[in-house]
Amino acid sequence: MKALAARRHHPMALLVILLLALVATGGLYAALQPQTAQAEAYTDSDVEAGEALFLANCATCHGLDAAGQTDPDGQTLGPSLIGVGAAAVDFQVGTGRMPMQHSGAQAREKPQQMNEEQTRQLAAYVASLGPGPAVPDEEWLDTSQGDATRGGEIFRINCAMCHNAAGAGGALTRGKYAPPVVGVEGKHVYEAMDTGPQNMPVFNETNLSPEDKRDVITYLEALDETGSPGGISLGSLGPVTEGLYAWTIILSLLIGSAVWLGAKAK
Amino acid sequence: MTTTTPSSRKQSSDGDTRLLRLGAVGGDFLDQRLSGAGFVKFFARKVFPDHWSFMFGEMALYSFVILLISGTFLTMFFDPSMEEVVYTGPYTALQGETVSRAFESTMEIAFEVKGGLLFRQMHHWAALVFMVAIFVHMFRVFFTGAFRKPRELNWLIGFTLMILGMAAGFSGYSLPDDVLSGNGLRIADGLMKAIPIVGTYLSMLLFGGEFPGTDIIPRLFTIHILLVPAAILGLIVIHLVLVVVHKHTQYAGPGRTNRNVVGHPVLPVFGAKAGGFFFLVFGIITLISATTSINAMWVYGPYDPSPVSAGSQPDWYMLWTDGGLRLIPGWEFTIFGYVVSLNMLIPMAIYGAMLAFLALFPFIEAWVTGDDREHHLADKPYNAPVRTGLGVAWIVMYLILVLAASNDLIAIALQLSINDLTWLFRISFFVGPVLAFYITKRLCLSIQRHKRDLALHGQETSRIVRTGSGDMIEIHEPLNEYDRWELIAHDDYRPLKAGKGVSSLRAKATSFFFKDRIEPVTPAELRAALEHAGHEKHVIDEATGGDYRTPAEKVVH
Ligand code: HEM
């Protein structure tokens, strides 16, 4: 104790304290930003390659510095990507939504245009622009550790109003829609919750913990695996399609047999 | 095992005759005790006309029988209790979930009881088919005017059966206690509470306190398996007895008049056909139920008032009641501290008016026509243009409500905006039925005009003859007597003038119904037309020498 007190006025003390303070804030920052903490290690060459890909494929809409861009009428061509994080890129590019092609109410899924390596590089570049949600760790995608029943509860309360209880998708206002979610890769489900693409709300750590998200993924996987024990599912869209089926297929079969019987009796 | 009768001691070793004799003895046994012979003979000799459009009533009957059979199976395993239990069955995605006994027992039927899922699906598909058949049957009766005297009462009984069918379906749909069925009940609760003054009490009474409570499932169960089916069964019996008493209507035709029925006797021909049809309906519903999923309530999950899923809709026959609620703007106002929810009351009033129109139509039409005669011939729909137009308008209105209730699914399927669709349906709810009425009426009138020409002048053959004087005449093939009879046998009503006991309202109504009517062919007209045709034929024969072939055809032969 004494020794410490004696050195208190050592000229290096200030520097040490400054360093310690810096490390502490940095550590605190990292601790408060768990997503960046789990971040995949991207190398500088990933970031460089990503930037090149970005300039070639994305900059027309998102701007050369990824800060977003508007057309002369003030319409957004592409929003700023600073701080959206690697998860957003992995989701948007991994499901084929980006690079966007068709301008409609909402960017649709389509076959992927970037391979896995390119997607990773793009993610590295966007992640380097500012901290944001990272691509989830394997741990949170491992459904053998998840609880499907809890996931089902979470899904029914938080997601079913847009995505339908059976995960078959549903309509939102003005031509927008929530797509089907059964059969979507677990990683993309996680990232969708984490980044809230377009009209989907963001479900961040405080809303749904990584464990909760894993449970949701486990539930969706269980739905997919169970399939439709009752036979043809008619798109799992519920009573409307069932009614349509009754009025078309079943009624024609019945009328057909009535007419056939009538002809037989003659 | 052989029967000995004093008169014939000879024992036959021939199995066939023994069987016959057994039957005869059995029949005799029943005859002597029930004096059934008279009844059987009476019933067996009843005649049923033959037309596929008369099979819809039977279709409804047979699906009801399937409902009874499959429903009885379900009652053996279903437990109508809202007691909370933890699900531990084989469906992994719900293991450990707290559910009601009703939900759990439905899950048991679906996943553990042998054949349970098939029976559940049969029960539900049969319910949908039952209501489809009822609707088609009802509109067959409507468009052929088979509701006219003396069958108005039977129309009302059928109407009640349709309402009871909806009640059966809705109460059944609510039993499994899943999210979808709970949402349906919540809407019913909301509608009930919107009724001024008594609404809240009604809801409290039905649910035994605040929604959802713990009483509703047991109560609905009693309604669903006892009250409603018993009422349906009773009314079906009366309905059928009345069909026998009134005899079935038939389409006009040679020898088919207002005073007879042409068809097959109930036994054996009609009976065999009906039995065959029963097995076909049974077979088709079983086939569908074995291959096509319906109401996968395990995905909807146990009822909990917080989640509402996208695509939450009732079964098809209740869709229309949801449509109005989706279309109406959120109109509400507060008076003396009470909220009056016009957004609920107006749709309910519209539904009531639509149903009242259907129920009362026979009486409205009889009042307009002033027709007090009995009618046993089915109208061809085009011969009653205004009735047919009104019926089509009703269906269009109903259909728009059904589509409105499916607006979210349509928006996705057609990639349209749900907001635009709502406006489209709001406008078409008013415009659609009016358009449908005029288009249908015009179509009926032109068909009538065409048939009238056909009856008078026969079929055009598109062979034109130039006579010696240079006239061009088309050869018409006259109809045979039978075909002509079908075309000219229909009623004629005229608009009435007000006064002389005719109120001005009724005069207006008759004018609405009959002002554009097309005169049926009168005997004098027919005579004149036939004379004219005879004359024309004479001229044509003179020009062609009786050979109607074209020159080209003559070359070929
Ligand atoms: C006496 C006749 C009937 C009996 C005994 C009966 C019995 C039952 C029982 C026990 C259930 C609950 C089990 C379950 O949901 O799987 C049920 C459900 C149901 N019932 Fe009935 N029912 C009868 C008639 C009808 C009729 C006439 C209709 C409709 C027109 C109908 C429509 C339904 C529907 C839609 C369900 C829901 C089925 C499901 O989702 O599984 N039932 N019925």
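Note that this is a predicted model, so its numbers are computed, not measured.

### Focus on the overall build of chain A
Point 1. From N to C terminus, chain A includes 12 helices and four strands.
Point 2. Out of the 266 residues in chain A, the part that is buried amounts to 42%.
Point 3. Restricting the contact set of chain A to residue pairs at least 6 apart, pairs at least 24 apart contribute 61%.
Point 4. On chain A, roughly 14,000 Å² of surface is accessible, and the fraction owed to carbon and sulfur atoms is 60%.

### Overview of the overall build of chain B
Point 1. Counting its secondary structure elements, chain B contains 20 helices and 10 strands.
Point 2. Going through the 557 residues of chain B one by one, you find that 47% of them count as buried.
Point 3. Long-range contacts, defined here as pairs at least 24 residues apart, represent 73% of the contacts in chain B between residues at least 6 apart.
Point 4. Surface summary for chain B: the accessible area is close to 28,000 Å², and the carbon and sulfur share equals 66%.

### Remarks on the environment of B:Tyr62
Residues and elements named next belong to chain B.
Point 1. With respect to the secondary-structure elements, tyrosine 62 resides in helix α3 (residues 56-75).
Point 2. With 400 residues separating them in the primary sequence, tyrosine 62 and serine 462 have C-alpha atoms 48 Å apart.
Point 3. When near neighbours in sequence (up to four residues on either side) are disregarded, tyrosine 62 contacts Ala274, Phe277, Phe278 and Val281.

### Description of the domain arrangement of chain A
Residues and elements named next belong to chain A.
Point 1. In terms of domain boundaries, chain A breaks down into domain 1 (36-135) and domain 2 (136-235).
Point 2. Here the C-alpha centre of domain 2 lies 23 Å away from the C-alpha centre of domain 1.
Point 3. Contact residues are listed per partner, giving 18 residues for domain 1 and 17 residues for domain 2.
Point 4. Carbon and sulfur atoms make up 48% of the surface buried where domain 1 meets domain 2, a total of about 1,500 Å² over both sides.
Point 5. Linking domain 1 with domain 2 are one salt bridge.
Point 6. Residues aspartate 90 and lysine 187 are paired through a salt bridge, measuring 3.2 Å at the closest nitrogen-oxygen approach.
Point 7. Our count for the contact surface shared by domain 1 and domain 2 stands at two residue pairs in polar contact (both at pLDDT 80 or more).
Point 8. When grouped by side-chain class, the residues that make up the side of domain 1 that touches domain 2 number nine nonpolar, five polar and four charged.

### Section: the coordination of the iron atom of the ligand
Residues and elements named next belong to chain B.
Point 1. The iron atom of the ligand binds to the protein through His123 (NE2) and His224 (NE2), with metal-donor distances spanning 2.0 Å.
Point 2. Each of the six donor atoms bound to the iron atom of the ligand contributes to angles spanning 83 to 179 degrees, and the resulting shape is octahedral. Here histidine 123 is found in helix α5 (residues 116-143), whereas its partner histidine 224 is found in helix α9 (residues 216-246), with 101 residues between them in sequence. Each member of the pair histidine 123 and histidine 224 is classed as buried.

### Observations concerning the state of the cysteines
All names here are of chain A.
Point 1. This model, assessed by the stated rule, comprises zero disulfides over all chains.
Point 2. Cysteine 162 forms no disulfide, and the closest cysteine sulfur to it belongs to cysteine 159, at a distance of 8.5 Å.
Point 3. For cysteine 162, a relative accessible area of 24% translates into the label partly exposed.

### Here's the deal with the site of the ligand
Residue and element names in this part refer to chain B.
Point 1. The environment of the ligand is formed by 27 residues, the closest being Leu68, Arg120, His123, His224 and Asn295.
Point 2. Taking arginine 120, its side chain carries an N or O atom lying 2.7 Å from an oxygen atom of the ligand.
Point 3. Histidine 224 places a side-chain nitrogen or oxygen 2.7 Å from a nitrogen atom of the ligand.
Point 4. Among the secondary structure elements, those contributing two or more residues to the shell around the ligand are α3, α5, α6 (152-174) and α9.
Point 5. With six residues, the single largest contributor to the shell around the ligand is α3.

### Some thoughts on the interface of chain A and chain B
Point 1. Facing the 53 residues of chain A at the interface are 65 residues of chain B.
Point 2. The interface formed by chain A and chain B includes nine residue pairs in polar contact (both at pLDDT 80 or more).
Point 3. Elements with a contribution of two residues or more to the side of chain A that touches chain B: α8 (148-158), α9 (160-163), β3 (170-171), α11 (210-226) and α12 (239-265) of chain A.
Point 4. For the side of chain A that touches chain B, the element with the most residues is α12(A), which contributes 19 residues.

### Some words on the pattern of salt bridges
Point 1. Per the counting criterion, the structure on display carries 23 salt bridges over all chains.
Point 2. In this structure, the salt-bridge partner of A:Arg156 is B:Glu97, at a minimum N-O distance of 3.2 Å. Residue A:Arg156 is found in helix α8, and its partner B:Glu97 is found in the loop between β2 (84-86) and β3 (98-100); the two belong to separate chains. Neither A:Arg156 nor B:Glu97 differs from the other in exposure class; each is buried.
Point 3. By sharing partners, the salt bridges in this structure join B:Asp79, B:Arg101, B:Glu104 and B:Glu108 into a single network.

About the criteria used
Residues numbered from 1 in each chain as written. Chains lettered and ligands numbered in written order. Predicted model: local features only at pLDDT ≥ 70, side-chain atom pairs only at ≥ 80, totals over all residues. Heavy atoms only, no water. Helix = DSSP H or I, 4+ residues; strand = E, 2+ residues; numbered from the N terminus. Buried < 20%, exposed > 50% of the residue type's maximum accessible area, 1.4 Å probe, protein only. Contact = heavy atoms within 4.5 Å. Areas by Shrake-Rupley, 256 points an atom, 1.4 Å probe, with all protein chains shown as cover. Domains from an automatic or database assignment. Buried area = accessible area lost by both parts, 1.4 Å probe. Salt bridge = Lys/Arg side-chain N within 4 Å of Asp/Glu carboxyl O. Polar contact = N/O pair within 3.5 Å; in protein donor to acceptor, adjacent residues only side chain to side chain. Nonpolar A, V, L, I, M, F, W, Y, C, P; charged D, E, K, R; others polar. Donors = N, O, S within 2.8 Å, 3.2 Å for Na, K, Ca; no water. Tetrahedral: all angles 85-135°; square planar, octahedral: opposite > 155°, others 65-115°. Disulfide = S-S within 2.5 Å. Near = heavy atom within 4 Å.

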